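# Tertiary structure, described
Residues per chain, in single letters:
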Amino acid sequence: LVGLLDLIRKLLPFMEDMKEKIAIEDNLLHELFFTCLFPVTSADEESFREGNEPPSDPQKCKTKESRTAAYKLLTYLCKGSIRCISYLLNDCLMPLTKEIKVHKSWTYTPARDAKSVHGYLGIENLGCICYMLAPIQQFFMVPTFRYGVLSADDKIEPTNADKPHEIDDNILHQLQNMFGFLEKSERMDYNPKEFCFAFKDLDGNPTNTALQQDAEEFLNMAFDRIENLLKPTPQKYLLQSVFAGKTCNQLICQGCGNVKRRYEDMYNLSVGVKHLNTLYQSLDKFISPDTISDYQCDKCQKKVDVVKRTCISELPNVLIIHLQRIIFNFDILGNEKINSRLAFPNSLNLEPFTEEGLEARDKKKKKEQSNKKEETENEENETPEEEDQWHGKGQAYYEYKLVGVVVHIGTADAGHYYSYINTNRGEPIEESEEYLRTEKDKWLEFNDSTVKLFNFKNLENECFGGVSESSEDFGFGFRSNAENIKNAYMLVYERKLKMPIKVVVSEEEAKEPEHTIVTIQKLELQEEENESKEKKGDSPEKEEKKATSSTLECDDTALSRVEEKTYYFDPEKNEYYKKVPFYSNKKQIKPTISKKVWEDNNMFLFERQIYSEEFFNFVLDVMKKVQSTIEDPTTGALIKSNHPDIFTNIVRIGSKMVLDVLSRAFYNSAINPISRILLKLYENSEESCQEFLDLVMENNGRDILTILLKCQDKDVRRAVGDIVYVVIKKMMIKEKDYLFKEDYEEHHGKVETVYHSKSIRFLMLLFSNINYECSQCWTKFEQFFVLIKNVCKCQGEEMVEFLMQKSTISLLLDFYLGNLSPLYEHGEKRYPMGSKFTNPSFSPLIELVSYLIRHVQPHENMIPPTKLGTKPFNMSETDRKCFFDTDFHTKTLKEGYAQEDVAAMICHFSYENERFSREISSILLVGFNESDYSEIKPYYSVLKPFLGLKDSIQFKRAEWLLGYTSPTHKMLRKSAESQDSKAGLAYIDSVKEDVFNYLSPLCFNTQNESLLHLLWKYRKRYESSTIQCLKYLFEIMLQDDVIFDYIACSGPPTYCYKRYTDWVSSFAQSYAEESKRWASAWGKDREESATQCLKLLAEFEEKLKIKEEQGVTVPYNYIIGSPIKQNIIRSEENSTIMIDIVEVVTEIYPNKPTGNDNEGIPKNYFIEKFNKKNKKRMQTGGGVGIRVDLPQARNVGVGNLPMRRKVSDSNDGNYEEDEDIKNIAIHNDNDLNEGTNPEIFIEPSQKPEQEPEIISPQVPPVEAEELPKEEEIKPEIYPTIFKIEALNSGKVSLKVEIILKPSDANPPNFYIPYSPILCEIPPLTKKTILMLTKKDLGREWGEYFFTWKFKPVKMKKYQFLDNDISDMRREYEYKVHDNYFNNDAERFFEMKNKCPTCKRYTNGTESLCPHCGEMIPTAEFSRYDQQEGADYQNINRQSQNLLLLQSIKTTQ
């Protein structure tokens, strides 16, 4: 066939003039489409009843190759032929597309859903119904039961006969449907939803598919209901004939031997598992007797011991054995599963467990006991009687073979059922011994929808239970004996010799002349006969009913075949029946079910042909042919007027394929080219757009919304969204005259808005679906919001005005924020969106919000540079409430959605808005401090335009985020020289220690730090993050001169550098060299990042050089040395707080950094400082001295002298008092003298009971004259430090706010923070709030304005310094001039001890008062005016200051 089709396609080019005649008039096109590809088939119920079932695959092209050849031939016939194209579209494809139904599942592949290669179907698990599916598969694989159910006709109309949309509520009908589909369907599995609906629980409700139940309980319930439903059918005794047997409960009197019997029906045999190893042991336990004492015997009329036991009276043809693995544990009062090993045989002999078998053994036992008493001389010569081992029934009657296993995996509370089934279930050959060898048969695993081959050799591992094969061996004889939770739960055995089954027949059929009727006696007569036989000592026959002597006698247990013409009449039930062989049920299905299965198979075959890449490519080729036919060759536009019918039909076919077929298909690579053609077609036809929109709005757009929100293929969602956008855009142009016109109508007491425009109606439909249902589809709703965003940008400012009136911003942000929304109401149900692994894509939503926000004018007279449009729009109250919510900006910046749009939106409202800018800066600082390398990029994408925003508060933003330079300082505990904080060289012990901090006014009372401080602090710990941050920062500096000057003027972190950025070069080079060691792509990325950073640094240095030549930037050109004195310029106080403005005069050294050192610092500065400290320690007895073996040392504290430990990197630059050096030996790795053992300090807490005498060090401390002689660097004396200190003498923490403002007449000669400085001062604490340094040593300080206020931490409003209510709102403002900072007005204070007894002052080194001899606490200090020699403070401050300094351990 493929060759013929290809041959025709090769021959057609030689007869182009006859192509249309061959295709249409000679019906080649019709033959190809309707015979080879898509034949039209139909069948009625009569044809199925008569056995004339039509074929399920009538098409000629059945393979992929033949169908591809046919499609190619059809495409060639349409090439250049308008007539062929029109015929193919109008008469072939259009009728075909109308037959296509939308599939319910996504990524549908019919080939994947085809029947198993083994020829059997699975059953779909709708939740937790595996307990149903596993037994049902076992029932279906019994042919007699399967065909008996299928042929049963209960003469009952389906409950949904008049209502086809409802489900037939009849278990038998649904079971027949299931068996019919399992028998003849071509699909992979059957959906049992209708069966679950019909199978009601004990309360009459449909089966709960989410509830796990026991398989054995379902088995009993299903048998009971099926048996009742089969009663009005000829298959009334089907269950009894196939699965039913009988058990006998016996009471045996030990006195007279009387046996009392009670028979019960048995549909499954339930045996124990606990403490048993094999199935035979379980059966032995089943028949094991129990003794009952003092039982009144009916025969001997005595109280005797009786034995009670249960045995099998009648064996079923198919035996189901239930293994009691799930039992109730009374210790834990709950169910538990027994996973112990229980072996079961492939073939089973039940004769020892039957009633006749037990009775025969009892008789034999009694006979053996009597024979022992009788001794016969010729006993050996006598021939014993031959006993019938099989009791006249034959061995095959008792022999069973294993044909099915229901496996349970899991625990007693949760698990899963599936089945292993022997598929060789035909009529056995009784004489063949191979029948019982089930291991040679084909076995399949039926696990829900999956059907696959099972290797019978694995039966023991899969079903016996016990210890799992995966138990881990730990060696040394230790092994983890994990229980195997996968084991057999039910066993299905089939008897070798099947007994006939009873089939009810009509009276007319039974009384036909050629039939013989056997009448059955009443049960009472049989019982009397049995009783008489018992009195004679004979065993009664175990048949319920017996034929009369005048009729043909028939023995139920006979092994001969039953005559087919013999019928039976039961006068008790007034019914006729016949006994037929077990395998006599024919493959007979009701016509209604056959027709239903045939239609489903046809539909499935049709789906296989439609949902194929060959058909999709064929449609694409046809659309390309049509496009080339109707396209204008010069302009490329599609001209509808040339062929309107072809244009309309191809649009309809393409839309049908995209929306209903390709959107559901798995192999849908053709959707992108088809959608592109469709977009071009819709752009050239308003009528097609109108038709499309009408079709969409018929069901309120549910089809489109379903695809946009639930389709799993992103390409499909994108293609559909693009098509809808083009259609809506085209329709808005058409409806522009009444686009936003609306009316109001009342429905059910509610006023509803009615829009005249269908496009606006569709847009509002999209907005109405931003709800709970949309949030459940958070993984797929990106294209949904892309469509909304694109539609909202169509009509410019008119659309913006319409959306503003509808409060669209609050609608979008309320959905975006979820439970964090300010509009969220308590108890409102909202679905959480996102997980710890992924976040929903809100980028299009944020882009739309940014687009609308930038149309708003924040201020009346100021237009931000980010403003869109010309009209000033205002936001509603709810819009403002949502937009200015802190959670919105925090979430947006953290998750990094639409970074450019977020930056534009933030800059739009930050323009000349200090409050909003401050809030955004706080969020950015938190992000910089808390984000890792992978999360920090969104913050920098906003930082760049945010810092570069040109307005009056740009410098404040830089100060908030980058921080201002402040000397690192600390407060002293007790010193003979000073009581205040020290900074500069007095603070550090090494030239490489930090001397400047970069403080942000927004980091008050938080753990956050400014960006410049973070980069320096974590440069070694987080190298990659630092490199990336530096790249962003240099890009910002090179783009904006204000930020460039700000960072260029920032102080160096240490005295090894001249400015802040000097450390970047060495750091980036070291990072690049280290990256070269990594040969992976990661190492290359690191090296590339470092190279980019160095390139940006080079551009920065070039620009900096130009700036320095212009005199714009002034670096820090001096080093702050030891403090000489400090001047309190002004001191203000009230009852609880005192503020001091202090000038500190220090030594000054020239700043000559080299990158690793500073040549402006005296070479022996740190050694002398250390020796002084060491000498003082030895004098005060604080420890043993330490020798310095480093006469040539330059930076003693670096690497060789860990003099101090930084305890806290707080924002105000204060540190804890450094602890003394503990257990550290100072030496130089290069110049260490051999044989020297430096002594160590001994802490006072470690002193022995007897005070050790102070031992002089082996080498005395280095004195000044011993140091190498070199040119001495002499410091100069200048006032260099300006600081503000506060003393809280109250019992409540205070929050202080200080505002400094420069004077325009005489600008200050130091950096003044543009923002208020906030500081929290604990009770009884002194704290340095602000410390700044002079810019130019040659100038005076200049003029500034100073304002301050405070409040207790727990209060909401600030208090001012006057306690009078009338003065509560008065702020204190001072204008300080240069003459306040003169050397004549010295206020230098010294720390003095004060005796608490005599109230006199002493020096700082005495522990006993020289005046009264009392002990002086070392922590009690007071201010002492050195100049006047009197107490500077009033009485109130004296007592408070004692408590203050006693409580100070660290000052920040």
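All values derive from a computational prediction rather than experimental measurement.

### Re the sheet that holds strand β19 (residues 501-505)
- Pairing is mixed in the open sheet, where 4 strands are placed in the order β19-β22-β21-β20. Sheet topology places β19 and β20 (516-519) at the edges, where each strand pairs with a single neighbour. Across the sheet, the mean angle separating the axes of adjacent strands is 35° when strand polarity is ignored.

### Overview of the packing of aromatic side chains
- Counted according to the given criterion, the structure contains 77 aromatic pairs.
- Taken together, a centroid distance of 6.1 Å and an interplanar angle of 25° make the contact between Tyr-964 and Tyr-1311 stacked. Taken together, the positions of Tyr-964 in strand β25 (residues 964-967) and Tyr-1311 in the loop between β32 (1294-1302) and β33 (1317-1321) put the pair 347 residues apart, joining distant regions of the chain.
- Look at Tyr-964 and you get buried, because its relative accessible area is 4%.
- Taking the relative accessible area as the measure of exposure, Tyr-1311 reaches 17% and is therefore buried.
- Linked through ring pairs, Phe-781, Phe-784, Phe-785, Phe-815, Tyr-816, Phe-842, Phe-883, Phe-884, Phe-888, Tyr-897, Phe-909 and Phe-916 together constitute an aromatic cluster.
- The side chain of Arg-225 reaches across the aromatic face of Phe-199, ending 4.6 Å from its centre.

### Remarks on the pattern of salt bridges
- One pass over the full model with this rule turns up 53 salt bridges.
- Here Lys-236 makes a salt bridge to Glu-575, at a shortest N to O gap of 3.2 Å. Note that Lys-236 is positioned in the loop between α11 (215-230) and α12 (238-242) and Glu-575 in strand β22 (residues 575-580), a separation of 339 residues in sequence.
- For Lys-236, a relative accessible area of 21% gives the class partly exposed.
- A salt bridge links Lys-789 to Glu-847; the nearest nitrogen and oxygen atoms lie 2.7 Å apart. Here Lys-789, found in helix α27 (residues 782-792), pairs with Glu-847, found in helix α30 (residues 843-853); they are 58 residues apart in sequence, far enough to count as distant.
- Of the residues examined, Glu-847 reaches a relative accessible area of 19% and is grouped as buried.

### Observations concerning unusual backbone geometry
- Residues other than glycine seldom take positive phi values, yet Lys-155 does so here, at roughly 60°.
- Relative to the helices and strands, Lys-155 is located in the loop between α8 (143-151) and α9 (171-184).
- In this structure, Asp-294 takes a positive phi of about 55° despite not being glycine.
- Checked against the element boundaries, Asp-294 lands in strand β6 (residues 290-296).

Rules of the game
- Residues numbered from 1 in each chain as written.
- Predicted model: local features only at pLDDT ≥ 70, side-chain atom pairs only at ≥ 80, totals over all residues.
- Heavy atoms only, no water.
- Pairing = 2+ DSSP bridges.
- Helix = DSSP H or I, 4+ residues; strand = E, 2+ residues; numbered from the N terminus.
- Axes fitted to C-alpha atoms, helices over the stretch in contact; angles between N-to-C directions.
- Phe/Tyr/Trp six-rings, centres within 6.5 Å; stacked < 30°, edge-to-face > 60°.
- Buried < 20%, exposed > 50% of the residue type's maximum accessible area, 1.4 Å probe, protein only.
- Lys NZ or Arg CZ within 6 Å of the ring centre and 35° of its normal.
- Salt bridge = Lys/Arg side-chain N within 4 Å of Asp/Glu carboxyl O.

From the geometry alone we can't say anything about function, so treat these as descriptive.
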